[in-house]
There are 6 protein chains.
Amino acid sequence: MQRSDKRTADELRQVTMIKDYIIYPEGSVLIKMGNTVVLCNATVEEKVPRFLHGTGKGWVTAEYSLLPRSTAERNQREATKGKQTGRTQEIQRLIGRSLRSVVDLTALGEQSIIIDCDVLQADGGTRTASITASFVALALALDKILPENETEKFPLKDFLSAISVGIVNEKPLLDLCYIEDSSAEVDMNIVMTGSGQFVEVQGTGEEYTFSKEELAEMLALGEKGCQELIVKQKEILGKIAERVGK
Amino acid sequence: MQRSDKRTADELRQVTMIKDYIIYPEGSVLIKMGNTVVLCNATVEEKVPRFLHGTGKGWVTAEYSLLPRSTAERNQREATKGKQTGRTQEIQRLIGRSLRSVVDLTALGEQSIIIDCDVLQADGGTRTASITASFVALALALDKILPENETEKFPLKDFLSAISVGIVNEKPLLDLCYIEDSSAEVDMNIVMTGSGQFVEVQGTGEEYTFSKEELAEMLALGEKGCQELIVKQKEILGKIAERVGK
Amino acid sequence: MQRSDKRTADELRQVTMIKDYIIYPEGSVLIKMGNTVVLCNATVEEKVPRFLHGTGKGWVTAEYSLLPRSTAERNQREATKGKQTGRTQEIQRLIGRSLRSVVDLTALGEQSIIIDCDVLQADGGTRTASITASFVALALALDKILPENETEKFPLKDFLSAISVGIVNEKPLLDLCYIEDSSAEVDMNIVMTGSGQFVEVQGTGEEYTFSKEELAEMLALGEKGCQELIVKQKEILGKIAERVGK
Amino acid sequence: MQRSDKRTADELRQVTMIKDYIIYPEGSVLIKMGNTVVLCNATVEEKVPRFLHGTGKGWVTAEYSLLPRSTAERNQREATKGKQTGRTQEIQRLIGRSLRSVVDLTALGEQSIIIDCDVLQADGGTRTASITASFVALALALDKILPENETEKFPLKDFLSAISVGIVNEKPLLDLCYIEDSSAEVDMNIVMTGSGQFVEVQGTGEEYTFSKEELAEMLALGEKGCQELIVKQKEILGKIAERVGK
Amino acid sequence: MQRSDKRTADELRQVTMIKDYIIYPEGSVLIKMGNTVVLCNATVEEKVPRFLHGTGKGWVTAEYSLLPRSTAERNQREATKGKQTGRTQEIQRLIGRSLRSVVDLTALGEQSIIIDCDVLQADGGTRTASITASFVALALALDKILPENETEKFPLKDFLSAISVGIVNEKPLLDLCYIEDSSAEVDMNIVMTGSGQFVEVQGTGEEYTFSKEELAEMLALGEKGCQELIVKQKEILGKIAERVGK
Amino acid sequence: MQRSDKRTADELRQVTMIKDYIIYPEGSVLIKMGNTVVLCNATVEEKVPRFLHGTGKGWVTAEYSLLPRSTAERNQREATKGKQTGRTQEIQRLIGRSLRSVVDLTALGEQSIIIDCDVLQADGGTRTASITASFVALALALDKILPENETEKFPLKDFLSAISVGIVNEKPLLDLCYIEDSSAEVDMNIVMTGSGQFVEVQGTGEEYTFSKEELAEMLALGEKGCQELIVKQKEILGKIAERVGK
C-alpha cells in the first residue's frame, strides 16, 4: 500500500527551516515539514525559576500552542477557554525536557531561555518538528548572547532532533502526516542526539499493542530520521554548528 | 522632523497581502504593513449564537491574539495566564463590530464566520491591519461558500478598511509605527467603508487632549489611508471584488 | 418624532449628584441621570503600579460593575462567572484613561487613586455618567488628602465630563436613555475638558455607518452636553472647584 | 461600660427599610441598620435547578457581595479576583437556606426567586440585615407575581428575620456594630420566624469559648431583636403582610 | 422507630482512630466513625500569614476535601472543576476556627500548622469527625516539634471534639449517619472543649424550624457525644494527653 | 552499590492489593508497593463522551491526584490552586489510554468507566502502581455490572500492568523508589499486557541520554516486573481472572 504522498516507508517529508523569521527574538526559526508549519522563537530572560536561585545554573523551557485554524476543523483558542489542555501541557513539558538534555546549564549561567512554539499549520508531527526547530532557535540565541570570544564553553553539548514513527496497517512508517497518524495503531516519538543517544522514547498503542520486534523496527526508522534532520540543522546553522559540543 | 522610516506625514507603510496563506481555512490572508505581520483566517461554522436562533440571520465575530514574541519584549501567553487581557477583548470586539457593519447578516443566513487574527510581528497598527485583512479573508470565505450562481445577493454590502492616525510632537501623522505610537499624544483608529462612510472613530488622548482642528486633520488623514487600502484589497481579491455590494 | 421622555434632541436628562454618599471612601458621589444611578467611590492607596516605582509619579485607575439587577433582565454576577466581561474591561479602561488626561501625575506623587463605579440602576449612559461623577469623587478625595495650604499645585489640571450622543431614526440626539440606545444606528461617547478640548471620541456604527456631517452634528451635541455637566460639577464641588487648574 | 453609640445591651440600632428602591426588580428593598446599608433585589426566573425539574416545586436562592468600598479599607472586587471568597459563599448559602425555611416551595410552583444582596456600606451585621430585608423583597415579589385572587395559597408560611448577638468584654450584646464585632469573644447569628421558632443558630467562639448560660442569654437577646424586626417588616409590607401564612 | 443500625438515640457509632497512618506528616490520624472514614494529616510550616508577621503568634488552618468516590454517587473532583464548592470552603473554615479556639497561638510561636482532612468514605458527620481527628493530629504534631523539656507551655489549652445531632421524624438523635442526615428536619453541629464549653453551635432547619425545647435536647445530646469522643482522644494520645492544658 | 532497601536490581518492592477497600464504588482497590499507597476506585456511568454518542461503544478514563501530604514536603492542593498541574494531566491521560488498550469498547457498550486514582502516600512509581491497581478495579467493576451469564463477551481482552525502571549510577534498576527516582539518569515507564505486548514505553533522560543497549536492558527489566505484577492481579481477582480474554 502506498503512502498518501508517495513517500517510501523510511522517507522524511520535505523539510525547510527559515532562520530569523521574526525580527525581535534572540533566535527565530520557521520550520516546514510537508504541510506542518511551526514558528519557534527563543527569548532570553535574565532570571531563573526559584529553585535555581543562587546555583549559577540556567534554565531552558518551552511553550506550545496550536493557532485555532492550524487544523482542518477550528479548535477553540486556549486563551478563550481560560486554560491549556492536557495535550498542550504534555507537549511543552516534552520540548523543554528534551532541549535541556543537551544544554550545559552551568555553562549557560543564571539566565533562562524560553522557546515559544506556535503551530501555524498542523499536518502531523508538530511536537517533533517543534523540538527540531527549537534546537536551531536555541543555538541562534546562544550564539547571539555568547559571542565566540567571550565564552570558553558553548552551552550546547550536542545536536538534538526529533521525529515521529508509527505503525499503520501493520507497517512501520517514518514521519507520519495527519492522515497516517489518525489511523495509526502505534504512535511513537523519538528524540535523539547527534551522537546517536536517545533522549526520549515515547511509544503508545492506540487501542492497540506492539511487539518487541515492532519496537525495534520503529527505533531504527526513528534513528534514521533524526540523523537526517541533524544534517539539515547543520546546514541552516552554518558556522554556528561548529560551536556545538565545544 | 523626519519620521523614523522617512515617510511623509500622510504616507502609508509598504502593504502586502498574501491570500490562501494557510491551507485549511475558508479564507486566509497574511498582511504585512511595514514590520507589522498579522495572519487572518476565516472559519465558517454552521451555527449562530443563541440570540439569533430562528431569525434567519448569520453572525460575524473575531478573535485577536499577540504571539508571545511578536513584540520587542516577550509578553506572557494568555493561555498560560488563563485569561485574555482587557486590551485583547477590546480589540476583538472592535474587529467583529466593524466587519458586521458591511455584512448583510440576512443574506448570510444562519451561519457564523469567525475570523482569527494572530499577530506574528507587531510594529504598531495591529488592530487596524487586522480589520483590513479580515475583510479580505471574509470575502474569500464568502466567495467560497456562496458560488456566484447560487446566491442572488452577496452578503458584503461595501468594502471596509482601517488605519491608525495620531499626533506626534504636535504633528498629525498617518499609520503610526510602534516607536511613533508609543510617544504619540493622541492615538486614533478609523474604520471606513468603500463609499467613504465612517464605521468607527476612536480617538484617545494619552495624558493629553486634542482640539476640533486636530480632530479634523486626523480624520482627513485617516480617510486618505483607508481609501488607499481599499485599492489594495481590490487588487488582491481580483474578480471577487466585483461581487461586493451586489 | 418625540423622545420617550419628551426631551428635545439637545437636552440632557435631569442630573443630580450627591456627595459623601458613603462614609468610608476619601471621595464618594452618587450620580442620577434620569433613571441611571451610579455610585462612584474614590480610594487613596499608598502604592503605585510597578512601572511607576521610583518615578515620583502617581496613578489613577477605575473599576466598573453593573449590579445584577441594575438592568431590566438580571445579568449574571461577574464574581460568580469568575471573570469580567469584555464590555466591563473596556469601560473601566476608558474611565481610568479619561481621568488621567486631566491629572498631573507628578503633582499627585507616588500614590494611587482607584475609583469604583458601581451601577445601581442602568438606563443608558452608565459609562459617561461614571466618568462625570468619578471626576467629582476624585476632586473630593484630592482635596481631602491635600489640604489647601500643604500643596503648591493641585493635581487636577482641568474639569472633565462625558456624555453619550447617537443617531436614532437618522436624527442626532444627546444623552440617550436605554430605549433610544438600543435602537440607535450610531452610538458615540464623548469625553471633554472644561476648556473644550477632546479627551476621547468613540463613535460606533451598529450595523450602520455615518457621514462626516453626522459626525460633526454629534460632536456639537456632545460638546454642549459636556459643558452643561461641568456647570453641575462646579455647583456640587463648591469651593473645591476653585482649586482645579491651580 | 457603655456601647459606642450609647445603646443599651438589648437595643437594636435604628432600622429603616425603603421598598421599591430600584425600579426593575420584582421586589426591591434598601435596608439601613445604623451605618450598615444593604440593597436587596428579588428576581423571578421561569426556571428551576435541574434537581427540581418536573417536581412542581420552586426554588429560592441568594447572592451576596460587598461593594469594594463598603468597608473602611477597600477590599478587592471578587470579579477581579475571579472568584468568591469562602466568607461570601458561606453567607449566601445561609441567606438562601433561611429564606427557604418559610417558603412553601410547592405553592410557589416551578419558578425560582433569586435575591441579590449588595452591601453598599458595612458596619457589622450585614448577613442578618440581608436576611431581614430579603424576606421583605421576597414578599413584594411574590405579591407581584401572584395577585391575591389568582392563588389559593400564598407561598410564605411565616415571617422571617435575623439578628446578630455576641459577647463583648464578657457581656452579651444585641446587634453588634463593626467595632463591637471585631472585639467580640463570641459572635452569634440567629434567624427566627414570626411564631418564635428557630431557623438558624450559629454561635462561634473567636479564639474563645462560651458556657451554656452565656448561650441562653444570647438566645434571649436574639429572640427579642428578631421579633422587633418583624414588627418593622409588617409596617413596610402593609396589606401584603396579611397574606403571609395564609 | 428504630435507627437503621439499631443504635439508641443517644449512642455514638463505633469510633476508631489510627495514629501515624501516613509516614510523612508531623501528625497523621485515620478516623473511622461507622462507615465514615477521614484521613487527617498535620503539616508544620515555618511561616505565618502576612497579618501575623512579626507578632510572635502562630496560626492553625485546615483544608477539607471529599474524594470523588467517597460518596454513593461520584462527585466531580474539585481540581477538575477548578474551584472549591461553597460547602467545602464553609467546612474548612469551621475546622480551622474550631481548632484555633483551643490553641495558644502565642505559645506556638511564628509557625503554621495546616491540617488536611481528606474524606475517603462519607456516611454523614464528616466535618465533625474531621475536627475530632484533626485535634489528635495537631497534638501529635505539636508533641513532635516541641519535645517536653524544650517548652514551658504546651500550646493546647484544652481538648476539642465535635459531633452532629439532629431531629429526625421529630426525634432528637446523636451522630447521624447519611441516611438519617438526608431526612433530618434539623441538623446541628456542636464543637466542645474538654471542660464542657461550647466552641461552635450550628443548628440549621432544613425547610423546617425548631423550638427552644428541641434546641435544648440537641445540645444535651451533643455534649454527651463530645465528652465520649474526648475519652477516645485521650486513649489514642496516651502520655501526650497529659501535656494538654499544661 | 546496594539499593536503599537491599533489593536486587531486578526485584519488585513488596506488593499488596486490597479489594473492596471503599464500599460505594463498583470496583475499589488499595495498592501498596513498598511505601507507595494508591486508592483506585472505578465508577460506572450511563453516558459516554459526545464523540461516542450513537456509536454503541463505551469509554474508560481516569483521574489522578496526590493528597497534599502524600509526599515528604506538603504540595498545594490542586482544588485550591484552581487547576491541575501538567504532571497530573499527563499521568491521568496515560492511565486512561493504557487501560483502553485492553478494553473491548464495543463489548462494553455505551457506558463509561472512570477510575479515580488517589495517592495516599507517594514513594515513587505512583503512576505505574495506579495502572496496575486500576486494571483490577476495572475488572471488579465489569464483573459486577456484567454477570457471567448475561454477556457473551467480557470486555477485557487481556491483563495489563505497569512498572517503572531506570538507570541510577549507570545501573539499570527495576521499580524505583523515590530516592532512587530522584537521582536517576533515565526514568522509564513500561505498560504491558498479559501476552507480553507493549502498550506504552516512555523513556526519558533527565539532563542525560541513553544508548540502545541501556534501552534494551531497561525493557527486559520492565517485562519481568510487569509479568510478576500480573501474577498478583490474578491472585487478587480469583475467579474473575478467568473471564479476562474470554
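Rules of the game
Residues numbered from 1 in each chain as written. Chains lettered and ligands numbered in written order. Predicted model: local features only at pLDDT ≥ 70, side-chain atom pairs only at ≥ 80, totals over all residues. Heavy atoms only, no water. Least-squares fit on C-alpha atoms with pLDDT ≥ 70 in both. Contact = heavy atoms within 4.5 Å. UniProt positions renumbered as here; feature names shortened; annotations may be inferred. Helix = DSSP H or I, 4+ residues; strand = E, 2+ residues; numbered from the N terminus. Buried area = accessible area lost by both parts, 1.4 Å probe. Salt bridge = Lys/Arg side-chain N within 4 Å of Asp/Glu carboxyl O. Polar contact = N/O pair within 3.5 Å; in protein donor to acceptor, adjacent residues only side chain to side chain. Nonpolar A, V, L, I, M, F, W, Y, C, P; charged D, E, K, R; others polar. Pairing = 2+ DSSP bridges. Axes fitted to C-alpha atoms, helices over the stretch in contact; angles between N-to-C directions. Parallel < 35°, antiparallel > 145°, perpendicular 65-115°, else oblique. Left-handed = near helix turned anticlockwise from the far one by under 90°.

### Regarding the relation of the copies chain B and chain A
The operation relating the pair of chain copies consists of a rotation about an axis and a translation along that axis. Between chain B and chain A, the superposition needs a rotation of 180° and an axial shift of 0.0 Å, giving an RMSD of 0.0 Å. Read as a symmetry element, the transformation amounts to a two-fold axis. Comparing interface residues between copies, 100% of those in chain B also lie at the interface in chain A; the contact surface is shared.

### Considerations on the UniProt feature "domain: Exoribonuclease phosphorolytic" (unreviewed entry) in chain A
Residues and elements named next belong to chain A. Look at the UniProt record and you will see "domain: Exoribonuclease phosphorolytic" (unreviewed entry) annotated at residues 11–141 and 159–224. For residues 11–141, the end-to-end C-alpha separation is 30 Å, with 30% helix and 31% strand making up the annotated structure. Across residues 159–224 one finds 26% helix and 44% strand; the C-alpha atoms that close the span lie 15 Å apart.

### Here's the deal with the interface of chain F and chain A
Every contact between the two is made by 33 residues of chain F and, on the other side, 33 residues of chain A. A buried area of about 2900 Å², summed over both sides, lies between chain F and chain A, and 47% of it is on carbon and sulfur atoms. By the criterion of area lost to chain A, the three top residues of chain F are Glu 90, Phe 198 and Glu 207 of chain F, representing 21% of everything that side buries. Where chain F meets chain A, there are 4 salt bridges. Where Arg 93 of chain A meets Glu 90 of chain F, a salt bridge forms, and the shortest distance between an N and an O atom there is 2.7 Å. Joining chain F to chain A, the criterion identifies 16 residue pairs in polar contact (both at pLDDT 80 or more). Elements represented by at least two residues in the side of chain F that touches chain A include exactly helix 2 (86–100), strand 9 (198–205) and helix 6 (212–237) of chain F. Here the side of chain F that touches chain A is composed, by residue class, of 9 nonpolar, 13 polar and 11 charged. As paired strands, strand 9 (residues 198–205) of chain A and strand 9 of chain F are joined by 5 bridges and run antiparallel to one another. From the neighbouring strand, Gln 202 of chain A faces strand 9 of chain F, where its bridge partner is Gln 202 of chain F.

### Examining the packing of helix 2 of chain F against helix 4 (residues 126–145) of chain F
Residue and element names in this part refer to chain F. For the pair helix 2 and helix 4, the least separation of the axes is 10 Å and the interaxial angle reads 40°. Relative to helix 4, helix 2 is oriented oblique. Handedness of the helix 2/helix 4 crossing: right-handed. In this structure, helix 2 contributes Arg 87, Ile 91, Leu 94, Ile 95, Ser 98 and Leu 99 to the contact, and helix 4 contributes Thr 126, Arg 127, Ser 130, Ile 131, Ser 134, Phe 135 and Leu 138.

### Digging into the sheet that holds strand 4 (residues 59–66) of chain F
Residues and elements named next belong to chain F. With respect to topology, 5 strands assemble into an open sheet ordered 1-2-3-5-4, the strand pairing being mixed. Where the open sheet ends on each side, the last strands, each with one partner, are strand 1 (15–19) and strand 4. Direction aside, neighbouring strands of the sheet carry axes that sit 20° apart on average. Inspection of the sheet shows strand 1 paired to strand 2 (residues 27–33) by 5 bridges, in the antiparallel sense.

### Quick notes on the interface of chain B and chain A
Taken residue by residue, the interface counts 37 residues in chain B and 37 residues in chain A. Taking both partners together, chain B and chain A bury about 2900 Å²; carbon and sulfur atoms supply 50% of that area. Put simply, Arg 74 of chain A and Glu 63 of chain B hold a salt bridge, and the shortest N to O gap is 3.4 Å. Put simply, chain B and chain A have 23 residue pairs in polar contact (both at pLDDT 80 or more) between them. Elements with a minimum of two residues in the side of chain B that touches chain A: strand 3 (36–45), strand 4 (59–66), helix 1 (78–81) and strand 5 (112–121) of chain B. In terms of residue count, strand 5 of chain B provides more of the side of chain B that touches chain A than any other element does, 6 residues in total. Broken down by class, the residue content of the side of chain B that touches chain A amounts to 16 nonpolar, 10 polar and 11 charged.

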